[in-house]
Amino acid sequence: MAQAMRPQSQISLLATDGKPHPLQDTLLAATLILGAVAFVTAFFHNLHLLSSWTGLIGILTGAYGQFISVTTRERFALIIGLGASAIGFFLGMAHGGLFGGWLG
């Protein structure tokens, strides 16, 4: 019953160990937002620059978030963001790439 005595205001939404993880939560939020943007914009051919760059940045932030994540809940949500970022990145690369004809 010791859990009932712990103050709930200091516990992160995704932390199951009872400690706050502000860096991991920030990386998680950034990965999910970047993944959502990359995934949605990947379905529009003229937005390939946005989808490929946000996908690449989302993959990098998600990979670092996986490296330093502490709880399973964080890892689970990071995998969702990483998957969306990867799909957006790959479709953005197929539609024109990171530079889209700017380099020749």
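One can find the structure itself at the top, above this paragraph.
Residues numbered from 1 in each chain as written. Predicted model: local features only at pLDDT ≥ 70, side-chain atom pairs only at ≥ 80, totals over all residues. Heavy atoms only, no water.

### Overview of helix H3 (residues 48–68)
Argument step 1. Relative to the 30 Å expected for 21 residues at 1.5 Å per residue, H3 spans 30 Å between its end C-alpha atoms, a close match to the ideal helical length.
Argument step 2. The set of residues buried in H3 consists of His48, Ser51, Ser52, Thr54, Gly55, Gly58, Thr61, Gly62, Gly65 and Ile68.
Argument step 3. Among the structural elements, helix H2 (22–41) and helix H4 (72–95) are those in contact with the buried residues of H3. (Helix = DSSP H or I, 4+ residues; strand = E, 2+ residues; numbered from the N terminus. Expected span 1.5 Å × (residues − 1). Buried < 20%, exposed > 50% of the residue type's maximum accessible area, 1.4 Å probe, protein only. Contact = heavy atoms within 4.5 Å.)

### Describing H2
Argument step 1. The end-to-end C-alpha separation of H2 is 28 Å, in line with the 28 Å expected for 20 residues at 1.5 Å each.
Argument step 2. Gln24, Leu27, Leu28, Thr31, Leu34, Gly35, Ala38 and Thr41 are the residues of H2 that are buried.

### Structural notes on the packing of H2 against H3
Argument step 1. Relative to each other, H2 and H3 sit at 150 degrees, their axes nearing to 8 Å. Our classification of the angle between H2 and H3 gives roughly antiparallel. Here H2 and H3 pass one another in a crossing that is left-handed. Two secondary-structure elements touch here, H2 through Leu23, Gln24, Leu27, Thr31, Leu34, Val37, Ala38 and Thr41 and H3 through Leu50, Ser51, Thr54, Gly55, Ile57, Gly58, Thr61, Gly62, Tyr64, Gly65 and Ile68.
Argument step 2. Residues that form the contact of H2 with H3 fall into these classes: nine nonpolar, ten polar and no charged. (Axes fitted to C-alpha atoms, helices over the stretch in contact; angles between N-to-C directions. Parallel < 35°, antiparallel > 145°, perpendicular 65-115°, else oblique. Left-handed = near helix turned anticlockwise from the far one by under 90°. Nonpolar A, V, L, I, M, F, W, Y, C, P; charged D, E, K, R; others polar.)

### Brief notes about the environment of phenylalanine 99
Argument step 1. Residue placement: phenylalanine 99 occurs in the segment after H4.
Argument step 2. Note on phenylalanine 99: relative accessible area 39%, which makes it partly exposed.
Argument step 3. For the pair phenylalanine 99 and serine 52, spaced 47 residues apart in sequence, the C-alpha separation works out to 9.0 Å.
Argument step 4. When sequence neighbours within four positions are dropped, the list of residues in contact with phenylalanine 99 reads Leu49 and Trp53.

### Considering the packing of aromatic side chains
Argument step 1. For the coordinates displayed, the defined rule picks out three aromatic pairs.
Argument step 2. Centroid distance phenylalanine 39 to phenylalanine 43: 5.2 Å. Interplanar angle 85 degrees. Geometry classified as edge-to-face.
Argument step 3. With a centroid separation of 5.8 Å and an interplanar angle of 80 degrees, the aromatic rings of tryptophan 53 and phenylalanine 99 are classed as edge-to-face. You can see tryptophan 53 sitting in helix H3 and its partner phenylalanine 99 sitting in the segment after H4, a full 46 residues away along the chain. (Phe/Tyr/Trp six-rings, centres within 6.5 Å; stacked < 30°, edge-to-face > 60°.)

Limitation: the analysis is restricted to geometry and does not speak to function.
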